[in-house]
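This is what each chain is made of:
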Amino acid sequence: MPYLVIEHLEEISDWLWLEYKHVSKWWGDRLVFTNVLPEEREKLAKLGSVIGESVTRFPFDRSKIIVLDLQAEEKLKPEDIEEDTMIVVGGILGDAVPRGRTREFITSKMEGVKVRHIGKPQYSIDGASIVAKLIADGRKLEEIDYGENPTIKLDEFSEITLHYAVPKLNGKLLLTPGLIELQKRELGYTNADEEISDEELEAFFEGKGELR
């Protein structure tokens, strides 16, 4: 099984932590964080291996590295990936309009690596990591479904649109666990301890239901 390398480039906010936890569930002990500050090591070590050096400077064998970059010309294919391949994802919380930060911070500094995209949509960190895992497991990119810019309906008058794509598996959105609860807490809709079922989460993200 290949490795998933996250080049850590953001402060560890509640939102980022939820995405990283989701990645860890999919990649297990094959998850590696690079570019990690000393004060972040202990926390991120709960989810995966930790390296302080940036992936752009660490002496990995670059022939084994694939950088996922929205601006890449070639798509990621199962045959690109071998047992010792390292798939690099930028630990960057996306913008509504992509600014090419993966190219700026990673791709442009790593001559000799393969650069691949996973389609036109912009995914979250965990979404991109899940798509990479599905392709590593043998699925073709065109076989992977997704929901683009899903809308969260909060009540009769309020909703939030996520400006990125969420991968689907067997017709269900692979949502970031805990993200809706986080949004509700921040907006004052619920107590932090309130339980919400998976069915409610899916309907909520698809704009088909409300959370009380």
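Scroll up to find the structure this text is about.
In this text the structure is predicted, and so the values were computed from the model without any measurement. (Residues numbered from 1 in each chain as written. Predicted model: local features only at pLDDT ≥ 70, side-chain atom pairs only at ≥ 80, totals over all residues. Heavy atoms only, no water.)

J.: Please explain the overall build of the protein chain as it appears in this structure.
T.: Helix and strand content of the protein chain: six helices and 12 strands. The buried share among the 212 residues of the protein chain stands at 50%. Within the protein chain, contacts between residues separated by at least 24 positions form 66% of all contacts whose residues are at least 6 apart in sequence. Accessible surface, the protein chain as shown: approximately 11000 Å² in total, 45% of it carbon and sulfur. (Helix = DSSP H or I, 4+ residues; strand = E, 2+ residues; numbered from the N terminus. Buried < 20%, exposed > 50% of the residue type's maximum accessible area, 1.4 Å probe, protein only. Contact = heavy atoms within 4.5 Å. Areas by Shrake-Rupley, 256 points an atom, 1.4 Å probe, with all protein chains shown as cover.)

J.: Please clarify how the environment of Thr85 should be interpreted in this entry.
T.: Residue placement: Thr85 occurs in the loop between β5 (74–75) and β6 (86–91). On the basis of relative accessible area, Thr85 is assigned to the buried category, the value being 4%. With 84 residues separating them along the chain, Thr85 and Met1 place their C-alpha atoms 8.1 Å apart. In this structure Thr85 touches Pro2, Tyr3, Lys64, Ile66 and Asp80, once residues within four positions along its chain are discounted. A distance of 2.7 Å separates a polar side-chain atom of Thr85 from the backbone nitrogen of Glu82. (Polar contact = N/O pair within 3.5 Å; in protein donor to acceptor, adjacent residues only side chain to side chain.)

J.: Explain the sheet that holds strand β3 (residues 49–50) here, please?
T.: Two modes of strand pairing occur in sheets, parallel and antiparallel, and in both the strands are linked by backbone hydrogen bonds. The seven strands lie next to each other as β3-β2-β1-β6-β4-β7-β5, forming an open sheet whose pairing is parallel. Pairing within the sheet leaves two strands with one partner each, and these edge strands are β3 and β5. Contacting β1 (3–8), β2 (31–34) and β6, helix α1 (residues 14–27) crosses the sheet at an angle of about 165° to β1. Strand contacts of helix α4 (residues 125–136): β1, β4 (65–68) and β6, with the helix running at about 165° to β6, the strand carrying the most contacts. (Pairing = 2+ DSSP bridges. Axes fitted to C-alpha atoms, helices over the stretch in contact; angles between N-to-C directions.)

J.: How should helix α5 (residues 179–187) be read in this particular structure?
T.: An α-helix turns once per 3.6 residues; consequently, residues spaced three or four apart project the same way. When α5 is considered as a whole, its buried residues turn out to be Leu179, Ile180, Glu181, Leu182, Gln183 and Lys184. One or two residues past the end of α5 sits Gly188, with phi positive at roughly 80°.

J.: Whenever I open this one, the nonpolar core confuses me. Can you help?
T.: The nonpolar side chains of a soluble globular protein tend to be buried with one another. In this structure, Leu4, Ile6, Tyr20, Phe33, Leu68, Ile118 and Ile135 are the most contacted members of the largest nonpolar core, which totals 32 residues. Elements that contribute at least two residues to this core include exactly β1, α1, β2, β4, β6 and α4. With seven residues, α4 is the largest single contributor of residues to this core. Discounting chain neighbours no more than four positions away, the residues touching Leu68 are Leu76, Ile87, Val88, Val89, Thr102, Arg116, Ile118, Ala128 and Ala132. Core analysis: the next-biggest nonpolar cluster, separate from the first, contains 14 residues, Val55, Phe60, Met86 and Ile106 among them. (Core = buried A, V, L, I, M, F, W, Y, C linked by side-chain atoms within 4.5 Å.)

J.: Honestly, empty space enclosed by the protein in this entry has me stumped. Any pointers?
T.: Using a probe with the size of a water molecule, rolled over the atoms, empty space left in the structure can be pinpointed. Under the defined criterion, the tally for this structure stands at one cavity of 30 Å³ or more. Of the voids in this model, the largest cavity is the one considered here, and its volume is about 50 Å³. Contributing to the lining of the largest cavity are 12 residues, with Ser124, Tyr164, Val166, Leu174 and Thr176 lying nearest its centre. Of all the elements in the fold, those that place two or more residues in the lining of the largest cavity are α4 and β11 (165–169). (1 Å grid on protein atoms, 1.4 Å probe; cavity = no way out; pocket = protein on both sides within 12 Å on 5 of 7 lines; lining within 4 Å. Points joined across faces, edges and corners; volume = space filled by probe spheres on them.)

J.: Got a minute to help me understand the sheet that holds strand β12 (residues 172–173) in this structure?
T.: If you trace the three strands from one edge of the open sheet to the other, you get β8-β11-β12, paired in antiparallel fashion. Each of the sheet's edge strands pairs with one partner strand only, and the pair in question is β8 (146–148) and β12. Relative to β12, β11 runs antiparallel, the two being bridged by two bridges. Bridged to Lys168 within β12 is Leu173.

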